[in-house]
Structures are given as C-alpha cells and as structure tokens.
Amino acid sequence: MPLDTPGAHGSAVDAEPLGEEEAEDRLRGICFKTGPPKTVGVELEWLLHDVERPGAAVSHGRLTAAADAVRATRLDAALTFEPGGQLELSSRPAGSLMACVDSMTDDLAAVRAVLARSGLEPAGLGVDPWHSPRRLLREPRYDAMEASLDRWGSAGRAMMCTSASVQVCLDAGEEEPGPLGYGRRWQLAHLLGAVLVAAFANSPFRQGYPTGWRSTRQALWADLDAARSLAPPGHHAPREAWAAHVLDTPVMCVRGRDGRPWTVPERLSFRDWIRGAGERPPDRTDLDYHVTTLFPPVRPRGHLELRMIDAQSGPDGWLVPLAVTTALFDDPEAAETVYRAVKPLAETAGPSPAPRNPLWTAAARDALGDPELAAAAAVCFAAAQEALPRLGADTRVQDAVASFTDRYVARGRCPADDLPDPATAARHGRSPAR
C-alpha cells in the first residue's frame, strides 16, 4: 500500500511511537539514496476539457464515467485523479530516457483514445485558464488539505483543483563529489529549477483573465503557505537540511484511526508532535505521510522529484522538459557545463529559499524575458542538445528539443507567450493547449 494512501498504517513496528532521533535517522536514510544515476521517471498531470467546448465545465458525472473508462484500460504507468479531476500518469522508473519516453507514449495514446470516446481531451496547461477551483474528490485527505491550506488564502484550492505539471524524477546521484554527486545535483536542482520554470512557463491566465505571471502555477505554489512549499535552507548539508525541514514544518493533518475523523491542527510541527504536543504519539507511517504533504520545488524521496515545470501543450510537449532535464542531470559533461552556467544565479536568488526568492519570482513572472534567465537557458538547452545523442535519444526526441529551442529559447520566449486569450479560444471552440 503506498505511503500516501489515506489511512495506511503499515506493520506493528511502524505503528510504534516514533522518537525524534529515530525520525531524523529515518529521514536522512531515505531522502537521498545514492548510486550511479541510471533511472528516470516522469509524472504527467493533465486538465480534462471538452473537445468541442473547452471553456465549458465538464460535469462531475461525465468526468467520473471517463475516469472509470480510463481505469479499465491496461497501462504501464500508475493512474490517479487529482482533487479537481485532473488526470495523472506516473511512469515506472525506467533504465533510460528512451525507455521512459516509449512507455509513456504508449500509455498516453491509450488514454487519449479512451477520453476521445467521451468527447474529452487532456489539456497541457499549468493552470486551467477558464474554470474556478471545484473539488470533485471527497476524501479525508483532501478535506484536511483544503481546510489547512484555506488558512493562507485561495492559492491552495487553485493548486489542488486547477493546476497541472510535468514532474521529472531522477536518481539522487553518487555519494562522491563531482558533477553526478548528490550534493552537486541538489544544488543544481534549485538553480536550474528556476531556468526550467522560465523556459516552460505555460500558465498566464486564470479564470478567464491574464494574471501578470507567465507561470501562474508557480506563483500559486509560492503563495501556498508559510513553509509547506519551501525548499530547505541552503547553508546546511542536504540530508541534514531536509531532515530538519521535514520535522520543523507544520503538520497538515492527523489521520483518524478506528473510524475517528481526521483533524487539522494549527502550527503543530512534526518535531513538537513527537515531543508530546499532539493528540496521540506519531509513528513511522505518520512521518512518511507527512513527507507527502510537503511540496517544495525539489522533493527528495530516495530520488529527486523536480516539481516546478508547468504542464506542456500539444501531444508531445511533455517530451521536451523530460529530455532536457534528464540530459542536464545525467550526462556528466552537460551537468558540468550547466552547473557553471547557473551557479551565478545564486547571487540573484539571495539567502531566501526557493521558490520565494527573487530568482524564482522573476522566473515565474517574466520567464525568459529576464535577460539573466534567458542567457542561462540558452546554455542549458545547447548542452542538452549535445548530450541527448549520448543518452541514446532518438530523432523524435532530438527534433522536439531542437524545435522548442528555436521557437522559444533562442528568442527569449516561453509557451505562455503563444497562448491565446481564453475568451478568444472559447469562441473558436479550441483549447489554448492544442
């Protein structure tokens, strides 16, 4: 049973009260599992729109029927649906970039065919440009999440119900220092991450109006709450920094057991819960669950989960961020080149953690209209194009990256710059994501 399954309790050992030192050891042991980078995965979230009337809200019953039809389809990827009805496909860890691409391509073709029979299509946009947040899933986890995030404003509901992303999952890296070492990759992720936000920004509209952000999705994440979406401070070693961050971040909820309701404590850190401040002692499964309620731009879960990229338009738009990110992390030559290119961005970022610092704010607001980010992106995409043949990428992947580079990166533009006004798109019966 996966750790983020509501109500999962695990073994008798897992149910024993958890000590503070044990919690720190557990976090340090599971967050960065090192070894030569050799696996890659991707999680693709999609909004679901009516093919003929993309601006019209799809009824709950119609989405439910479509979800049931997709669940009945044999897929290699794991299939889930998000609170607002967004569809998510999570690939298995693959031994190469092309193995991941081929597997997800087959699954997406099957999903698109099933949805088409229902008159629906998956739309690759970071934020729904038309619809207000509407939560369809009524489960204790999401009830608690909504109640917790509502304390900080409307960003939480918008994130839960109207956002979608491309999340690239890569090995944490080697124990030893160097371009593939886990410490270097962790630092790279938080600087290159801003470049990826800017290059793939694809959500300039919300509820029918321009927001002033190229990536409204990233702006929503930054506004989520005081701590939950932040990266750990950068002045500590990665394992220690992440362990402390997890324990010091407030608990989103305490799962109910034996039929009891879930509760939403206020300003109860996991560390304080261990020390006796909660209504019951936490155990290992509570800690594992707590980690799933943290949403930093890069989440270490044994591997690195890069969460900052907007969903991409078009049938193959997702290929580009997957290929580029994998190349820049897993090819040693590209990793070294890109690290030198993005290291100066640390001065712009300043001491505040991502995504709430000047670098990440500029990436979400201005995208590649920011000269510093545009210059870094040009180096990164050139390095990726050189690395892709070394990683075995086929011509389809190489051509997709080259086309994206020519259309956007070389011109200081991003996909958000091509999206039509939602009202215009709705009048013509087409989704901005096509």
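## As for the layout of surface pockets
Reasoning step 1: Taken as a whole, the second largest pocket holds about 490 Å³ of empty space.
Reasoning step 2: Along the walls of the second largest pocket sit 21 residues, with His190, Pro232, Pro233, Gly234 and His235 positioned nearest its centre.
Reasoning step 3: Put simply, the parts of the chain that give the lining of the second largest pocket at least two residues each are helix 6 (182-199) and helix 13 (345-349).
Reasoning step 4: Ranked by the residues each element gives to the lining of the second largest pocket, the list is headed by helix 6, at five residues.
Reasoning step 5: In terms of residue class, the lining of the second largest pocket is made up of 12 nonpolar, nine polar and no charged.

## Regarding the packing of aromatic side chains
Reasoning step 1: Here the structure, examined in full by the defined rule, presents nine aromatic pairs.
Reasoning step 2: With 5.9 Å between their ring centres and 80° between their planes, tryptophan 262 and tyrosine 289 make a pair best called edge-to-face. In this pair, tryptophan 262 is assigned in the loop between helix 8 (238-248) and helix 9 (270-277) and tyrosine 289 in helix 10 (residues 284-292), connecting sequence segments 27 residues apart.
Reasoning step 3: Looking at tryptophan 262, the relative accessible area reads 18%, which means it is buried.
Reasoning step 4: For tyrosine 289, a relative accessible area of 3% gives the class buried.
Reasoning step 5: Geometrically, the ring pair formed by phenylalanine 270 and tryptophan 273 is edge-to-face, given 5.2 Å between the ring centres and 70° between the ring planes. One end of the pair is phenylalanine 270 and the other is tryptophan 273, both in helix 9 and three residues apart, which spans about a single turn.
Reasoning step 6: Using a relative accessible area of 0% as the deciding quantity, one classes phenylalanine 270 as buried.
Reasoning step 7: Tryptophan 273 gets classed as buried once you look at its relative accessible area, which sits at 2%.
Reasoning step 8: The rings of Phe200, Phe381, Phe404 and Tyr408 are connected pair by pair, giving a single aromatic cluster.
Reasoning step 9: In this arrangement the basic side chain of arginine 239 is found over the ring face of tyrosine 182, its NZ or CZ atom lying 4.4 Å from the centre.

## What to know about helix 16 (residues 395-407)
Reasoning step 1: If you check helix 16, its first and last C-alpha atoms are 18 Å apart, about what 13 residues at 1.5 Å a residue would give, namely 18 Å.
Reasoning step 2: When we look at burial in helix 16, the residues that qualify are Val397, Ala400, Val401, Phe404 and Thr405. Each buried residue of helix 16 sits inside an arc of 130° when the element is viewed along its axis, so together they form one side. Opposite the packed face of helix 16, turned more than 90 degrees from it, sit the exposed residues Thr395 and Asp399.

## Brief notes about the nonpolar core
Reasoning step 1: Counting 110 residues, the largest nonpolar core has Leu87, Leu192, Val195, Trp318, Leu322, Leu328 and Leu373 as its most contacted members.
Reasoning step 2: It is helix 6 that contributes the most residues to this core, 12 residues altogether.
Reasoning step 3: If sequence neighbours within four positions are ignored, valine 195 has contacts with Val342, Leu345, Leu373, Ala376, Ala377 and Cys380.
Reasoning step 4: Grouped together as the second largest cluster of nonpolar side chains are 14 residues, Met160, Trp221, Trp262 and Tyr289 included.

Criteria and cut-off values
Residues numbered from 1 in each chain as written. Predicted model: local features only at pLDDT ≥ 70, side-chain atom pairs only at ≥ 80, totals over all residues. Heavy atoms only, no water. 1 Å grid on protein atoms, 1.4 Å probe; cavity = no way out; pocket = protein on both sides within 12 Å on 5 of 7 lines; lining within 4 Å. Points joined across faces, edges and corners; volume = space filled by probe spheres on them. Helix = DSSP H or I, 4+ residues; strand = E, 2+ residues; numbered from the N terminus. Nonpolar A, V, L, I, M, F, W, Y, C, P; charged D, E, K, R; others polar. Phe/Tyr/Trp six-rings, centres within 6.5 Å; stacked < 30°, edge-to-face > 60°. Buried < 20%, exposed > 50% of the residue type's maximum accessible area, 1.4 Å probe, protein only. Lys NZ or Arg CZ within 6 Å of the ring centre and 35° of its normal. Expected span 1.5 Å × (residues − 1). Arc of directions from axis to C-beta. Core = buried A, V, L, I, M, F, W, Y, C linked by side-chain atoms within 4.5 Å. Contact = heavy atoms within 4.5 Å.

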